[in-house]
Amino acid sequence: MNRSRLPLLPALGGLALSAITLGWAPTVQAELPPWVYGQEQRQAPYALELLVRSVHSKDSGTEPKQLQVQAQVLQVKRQPPGARLRAGNDITLRYALPPSRPSGWAGPAPLPLLQAGERLPAWLAPDPSLPGVFQPAAGGRSFGPSLEREQEPG
């Protein structure tokens, strides 16, 4: 480390604290590290390739918007022993969209609003309260690129 710059560190810290105190907070977005989503994807009972047929939303005012998605299974990559899901089957997914977040929010990736016609990988689990219905199993990374190869550093 260049010792000639060490005296600047306290000054920069004070400047940052002053900026935050005065309401000039920088825009910061933080998300869980990729390996966390990779672990959730690896633990998901179902890994599928889907074609989204339709998306219906139910907005009940104060609660998060509920989505019901009809999709066709294009490929079954993984499923529990004894499960009988096959390519060509139609499935239903239900999940809530998180409320909109202010600029600079920090937290896990939000679940996406799927669109009819999308073809995408999905990591799903059975919805325990609705037999025959699925729900996202890897949070905001339940749809889209695989992160299954991501490992915790160390």
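Nothing here was measured: the structure is a model prediction, and the numbers come from that model. Within each chain, residues carry numbers counting from 1 in the order of the written sequence. With pLDDT at 70 or above as the cut-off, local features in this predicted model cover only qualifying residues; side-chain atom pairs require 80 or more to be listed or tallied, and sums for whole chains, interfaces and linings still use all residues. As a rule here, side-chain values cover all heavy atoms of the structure and leave hydrogens and water aside.

Enquirer: Please explain the overall build of the protein as it appears in this structure.
Expert: Secondary structure elements are taken from DSSP: a helix is a run of H or I of four residues or more, a strand is a run of E of two residues or more, and numbering for both begins at the N terminus. Helices and strands together make up the secondary structure of the protein, namely two helices and five strands. Secondary structure of the protein in N-to-C order comes out as α-α-β-β-β-β-β. We call a residue buried when its accessible area falls under 20% of the maximum for its residue type, exposed when it is over 50%, and partly exposed in between, using a 1.4 Å probe and counting protein chains only. In the protein, buried positions account for 30% of the 154 residues. Whether two residues are in contact is decided by their heavy atoms: any pair within 4.5 Å suffices. A fraction of 61% describes how many contacts in the protein between residues 6 or more apart in sequence connect residues 24 or more apart. Note on areas: these come from Shrake-Rupley sampling with a 1.4 Å probe, and a residue is covered only by the protein chains present in the view. Split by element, the accessible area of the protein, about 10000 Å² in all, is 55% carbon and sulfur.

Enquirer: Even after reading the chapter, I still don't get the pairing of strand E1 (residues 46–58), so can you show me in this structure?
Expert: Two faces, one strand: in a regular strand the side chains alternate between the faces of the sheet. With six bridges connecting them, E1 and strand E4 (residues 119–126) associate as antiparallel partners. Looking at E4, one finds that Leu-50 is bridged to Leu-120. Two strands pair under a simple rule: DSSP has to find at least two bridges between them. Pairing of E1 with strand E2 (residues 66–78) involves 11 bridges; the strand directions are antiparallel. Bridging across to E2, Leu-51 finds its partner in Gln-72.

Enquirer: Looking at this structure, how should I read the pairing of E4?
Expert: Within E4, six of the eight residues are buried, which leaves the element mostly enclosed by the surrounding structure. Note that E4 and strand E5 (residues 133–136) share three bridges and pair antiparallel. From the neighbouring strand, Ala-125 faces E5, where its bridge partner is Gln-135. Two successive antiparallel strands, E4 and E5, enclose a turn made up of six residues, where Gly-132 displays a positive phi of approximately 85°.

Enquirer: How should the packing of aromatic side chains be read in this particular structure?
Expert: How two aromatic rings sit relative to each other is given by the distance of their centres and the angle of their planes. Note on aromatic pairs: the rings of Phe, Tyr and Trp (six-membered ring only in Trp) are paired at centre separations within 6.5 Å, and the planes decide the class, stacked below 30 degrees, edge-to-face beyond 60, tilted for the rest. One pass over the full model with this rule turns up two aromatic pairs. Ring geometry for Tyr-46 against Phe-134: centres 5.0 Å apart, planes inclined by 85°, an arrangement best described as edge-to-face. Placement of Tyr-46 in strand E1 and of Phe-134 in strand E5 is noted, with a sequence separation of 88 residues between them. On the basis of relative accessibility, which here comes to 10%, the residue Tyr-46 falls in the buried class. Take Phe-134: its relative accessible area is 9%, and that puts it in the buried class. Ring centres of Tyr-95 and Phe-143 lie 5.9 Å apart, and the angle between their planes is 35°; on these two criteria the pair is classed as tilted. With a gap of 48 residues between them, Tyr-95 in strand E3 (residues 90–96) and Phe-143 in the segment after E5 connect regions that are remote in the sequence. Relative accessible area serves as the criterion here: at 5%, Tyr-95 is assigned to the buried category.

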